Amino acid sequence: MYFIVVKYQVKPEFTDSFMDHVAEFTKATRAEEGNLWFDWSISVEDPNEFVLVEAFRDDEAAGAHVNSAHFAAGLESMRPLLVTTPKIVSRKVDGEDWDAMGELVID
């Protein structure tokens, strides 16, 4: 499994509309072959920071996602909404569920 966490620092004026803005990107990614889950949340520390948690079956599925047309379009459409470049934490894990991930520290 390939596990990815991405932190998005959103400009305050776009916080309320960010989830609507990424809805199509989210829908397309969830439909990808090899996508195990793809969910957004808001940081408990910063209401302008969105955290994306996604998992793919393997390296190949994760690579297909990153190289997809909807990924490129989604990233391009998000750029004007963001304060900084998204912070990405990625890691391979052996297993197919949350327990296989072990401890993951994000700073």
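Here, every reference points to the structure presented above.
Predicted, not measured: the structure shown is a model, and the values here were computed from it.

Engineer: Tell me about the overall build of the protein, and name the residues and values.
Structural biologist: Looking only at helices and strands, the protein features 4 helices and 4 strands. Reading the protein from its N end, one meets helices and strands in the order β-α-α-β-β-α-α-β. For the protein, buried positions account for 40% of its 107 residues. Put simply, 70% of the contacts in the protein that link residues at least 6 apart link residues at least 24 apart.

Engineer: Describe the side chain of Glu49, and please don't skip the residues or the numbers.
Structural biologist: On the secondary structure map, Glu49 appears in strand S3 (residues 49-56). Other than its neighbours up to four places away in sequence, Glu49 contacts Lys7, Tyr8, Gln9, Ser41, Ile42 and Ser43.

Engineer: Could you give an account of the layout of surface pockets, naming the residues involved and the relevant values?
Structural biologist: If you add up the space inside the second largest pocket, you get close to 190 Å³. The wall of the second largest pocket is formed by 15 residues, among which Val6, Tyr8, Glu54, Phe71 and Ile88 lie closest to the centre. If you list the elements that add at least two residues to the lining of the second largest pocket, you get strand S1 (2-9), S3, helix H3 (59-66), helix H4 (69-78) and strand S4 (87-92). Across the lining of the second largest pocket, the residue classes tally to 11 nonpolar, 3 polar and 1 charged.

Engineer: Can you tell me about the packing of aromatic side chains, naming the residues and giving the values?
Structural biologist: Summed over all chains, the structure comprises 7 aromatic pairs. Taken together, a centroid distance of 6.2 Å and an interplanar angle of 45 degrees make the contact between Tyr8 and Phe18 tilted. In this pair, Tyr8 sits in strand S1 while Phe18 sits in helix H1 (residues 18-21), placing the two residues 10 residues apart along the sequence. Accessibility classification places Tyr8 together with Phe18 in one group, the buried group. Here the aromatic rings of Tyr8 and Trp40 are separated by 5.1 Å at their centres, their planes lie at 50 degrees, and the arrangement is tilted. On the criterion of sequence distance, the pair formed by Tyr8 in strand S1 and Trp40 in strand S2 (residues 35-42) is long-range, its members being 32 residues apart. According to the relative accessible area criterion, Trp40 is buried, its value standing at 13%. Here a set of aromatic residues connected by ring pairs shows up, and it is made of Tyr8, Phe18, Phe25, Phe38, Trp40, Phe50 and Phe71.

Rules of the game
- Residues numbered from 1 in each chain as written.
- Predicted model: local features only at pLDDT ≥ 70, side-chain atom pairs only at ≥ 80, totals over all residues.
- Heavy atoms only, no water.
- Helix = DSSP H or I, 4+ residues; strand = E, 2+ residues; numbered from the N terminus.
- Buried < 20%, exposed > 50% of the residue type's maximum accessible area, 1.4 Å probe, protein only.
- Contact = heavy atoms within 4.5 Å.
- 1 Å grid on protein atoms, 1.4 Å probe; cavity = no way out; pocket = protein on both sides within 12 Å on 5 of 7 lines; lining within 4 Å.
- Points joined across faces, edges and corners; volume = space filled by probe spheres on them.
- Nonpolar A, V, L, I, M, F, W, Y, C, P; charged D, E, K, R; others polar.
- Phe/Tyr/Trp six-rings, centres within 6.5 Å; stacked < 30°, edge-to-face > 60°.

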